[in-house]
Amino acid sequence: MPITVEIAEAGAQKDDIEEIFEYFKYVDEKFSTYKDWSEVSKINRGEISAPDFSADMAEIFRLAEETKKETGGYFDITKPDGSVDPSGLVKGWAVHNAAKILRDKGYKNFYVEAGGDIEAEGKNSEGKIWTVGIRNP
């Protein structure tokens, strides 16, 4: 999926942007339902159970359960066949975490987008507050 990272500050470091892209690669490797070696795929094959989940996987399962309760069961990562697909939660979670990485590095003006999930802070390169529009709903 397309990922966009823009840091609208003088002195932005290429390494910091590369770190964000490496973070998204990590997320894909861990949560992809299409990669046989991902942690999610191993969970779905029964090779890993809850006590052995990585910290990130445990957090996603906790957030998924919380969201399931908040939506009265409408949001559920468990598919009818019993497998799990946390994709509906992971993308937004990853964008939020990527934005946190930039905040922790001291950036105040940035935009992170992955497949339509967006987090922006501060102002864009024109000095205006970020705006988002839907081109074709």
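Residues numbered from 1 in each chain as written. Predicted model: local features only at pLDDT ≥ 70, side-chain atom pairs only at ≥ 80, totals over all residues. Heavy atoms only, no water.

## Concerning the pairing of strand β3 (residues 117-121)
- Where strand β2 (residues 110-114) meets β3, 5 bridges bridge the pair, whose relative direction is antiparallel. Bridged to V112 within β3 is E119.
- The turn joining β2 and β3, which pair antiparallel and follow one another in sequence, is formed by 2 residues; a positive phi near 55 degrees is taken by G115. (Pairing = 2+ DSSP bridges. Helix = DSSP H or I, 4+ residues; strand = E, 2+ residues; numbered from the N terminus.)

## What about the nonpolar core?
- Membership of the largest hydrophobic core comes to 30 residues, with the highest contact counts inside it found for F24, F31, W93, L102 and V112.
- Tallying contributions element by element places helix α4 (residues 87-104) first for this core, with 9 residues. (Core = buried A, V, L, I, M, F, W, Y, C linked by side-chain atoms within 4.5 Å. Buried < 20%, exposed > 50% of the residue type's maximum accessible area, 1.4 Å probe, protein only.)

## Thoughts on the sheet that holds β2
- On the basis of which strands lie adjacent, the open sheet formed by 3 strands has the order β1-β2-β3 and antiparallel pairing. In the strand order of this sheet, the two ends are held by β1 (3-7) and β3, each with one partner. Sheet twist, expressed as the average angle between the axes of neighbouring strands with direction ignored, equals 5 degrees.
- Together, β1 and β2 form the strand contacts of helix α1 (residues 14-31), whose direction differs from that of β1 by roughly 155 degrees. (Axes fitted to C-alpha atoms, helices over the stretch in contact; angles between N-to-C directions. Contact = heavy atoms within 4.5 Å.)

## Here's the deal with the packing of aromatic side chains
- Per the stated rule, a full pass over the model turns up 5 aromatic pairs.
- Here a set of aromatic residues connected by ring pairs shows up, and it is made of Y23, F24 and Y26. (Phe/Tyr/Trp six-rings, centres within 6.5 Å; stacked < 30°, edge-to-face > 60°.)

## A word on the packing of helix α3 (residues 55-70) against α4
- Across the interface, α3 lies against α4 with an axial gap of 10 Å and an inter-helix angle of 115 degrees. The crossing of α3 and α4 is right-handed. On α4, the residues that touch D56, E59, I60, L63, A64 and T67 of α3 are L89, V90 and W93.
- By residue class, the composition of the contact of α3 with α4 is 6 nonpolar, 1 polar and 2 charged. (Left-handed = near helix turned anticlockwise from the far one by under 90°. Nonpolar A, V, L, I, M, F, W, Y, C, P; charged D, E, K, R; others polar.)

## Some points on α4
- Given a rise of 1.5 Å per residue, 18 residues ought to cover 26 Å, and the 25 Å separating the end C-alpha atoms of α4 matches this to within 8%.
- Those residues of α4 lying buried are L89, V90, W93, A94, V95, N97, A98, A99, I101 and L102.
- Lining the buried residues of α4 we find β1, α1, α3, β2 and β3.
- Just downstream of α4 lies G106, where phi reads positive at about 95 degrees. (Expected span 1.5 Å × (residues − 1).)

## What about the environment of I77?
- Here I77 is to be found in the loop between α3 and α4.
- Taking relative accessible area as the criterion, I77 reaches 7% and is therefore assigned buried.
- As a C-alpha pair, I77 and A120 span 43 residues in sequence and 27 Å in three-dimensional space.
- Those residues in contact with I77 that sit more than four places away from it in its chain are F61, A64, S83, V84, D85 and P86.

## As for the packing of α1 against α4
- At a closest axis distance of 10 Å, the pairing of α1 and α4 adopts a crossing angle of 150 degrees. Viewed along their axes, α1 and α4 adopt a mutual orientation that is roughly antiparallel. Between α1 and α4 the crossing geometry is right-handed. Within the contact between the two elements, α1 uses E19, I20, Y23, F24, V27 and F31 and α4 uses V90, W93, A94, V95, N97, A98, I101 and L102.
- Classifying every residue of the contact of α1 with α4 by side-chain character gives 12 nonpolar, 1 polar and 1 charged. (Parallel < 35°, antiparallel > 145°, perpendicular 65-115°, else oblique.)

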